[in-house]
Amino acid sequence: MRFDRIHQSRIDAAEAAYGLTDDEREVLSLSRRGKSVVAIGIELGMSDSTVKRRRASLRSKIGI
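Participant: I'm lost on the nonpolar core in this one. Help?
Facilitator: It is characteristic of soluble globular proteins that their nonpolar side chains tend to be buried jointly. Within the largest apolar cluster, twelve residues are counted, these being I11, A14, L20, V27, L28, L30, V37, I40, M46, V51, L58 and I62. When residues of this core are traced back to their parent elements, those giving at least two are α1 (3-18), α2 (22-32), α3 (37-44) and α4 (48-62). Setting aside its immediate chain neighbours within four residues, L30 contacts K35, I40, E43 and L44.

Okay, here's the thing in structure tokens:
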């Protein structure tokens, strides 16, 4: 089984169990493309600390 499929299944499970906010979805999408915290912040108009909080929330929900 490929990693990206396993990862997506975790995302789907987190979405079903907890729901993801629009901000979390955007941060997740950019993170999966390899973007840095700074690059994500610039693209989404968020501070670095906000991006880090969104990532921490995602880690908790997804279980990574």
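Participant: Could you clarify how one ought to interpret the pattern of salt bridges in this entry?
Facilitator: Should their charged atoms come close, side chains of opposite charge can pair. Applying the stated rule across the entire model yields four salt bridges. R25 serves as the salt-bridge partner of D22, at 2.8 Å between the closest nitrogen and oxygen. Taken together, the positions of D22 and R25, both in helix α2 and three residues apart, correspond to about one turn of that helix. A salt bridge links K61 to E24; the nearest nitrogen and oxygen atoms lie 2.9 Å apart. Of this pair, K61 sits in helix α4 while E24 sits in helix α2; the two residues are 37 residues apart in sequence, bridging distant segments of the chain.

Here is what the cut-offs are and how they apply
Each chain has its residues counted from 1, following the order in which its sequence is written. Totals for whole chains, interfaces and linings use every residue, but because this is a predicted model, local features are given only for residues with pLDDT of at least 70 and side-chain atom pairs only at 80 or more, for both listing and counting. For the side-chain quantities, the full set of heavy atoms in the structure was used; hydrogens and water were omitted. Here the nonpolar core consists of buried residues drawn from Ala, Val, Leu, Ile, Met, Phe, Trp, Tyr and Cys, with membership extended through side-chain atoms lying within 4.5 Å. Exposed residues in this analysis have more than 50% of their type's maximum accessible area, buried residues have under 20%, and partly exposed residues fall in between, with area computed by a 1.4 Å probe over protein chains only. Labels follow the DSSP assignment, with helices taken as runs of H or I lasting at least four residues and strands as runs of E lasting at least two, numbered in each case from the N terminus. Residues are treated as being in contact if the distance between any of their heavy atoms lies within 4.5 Å. Salt bridges are defined by distance alone: a side-chain nitrogen of Lys or Arg within 4 Å of a carboxyl oxygen of Asp or Glu.

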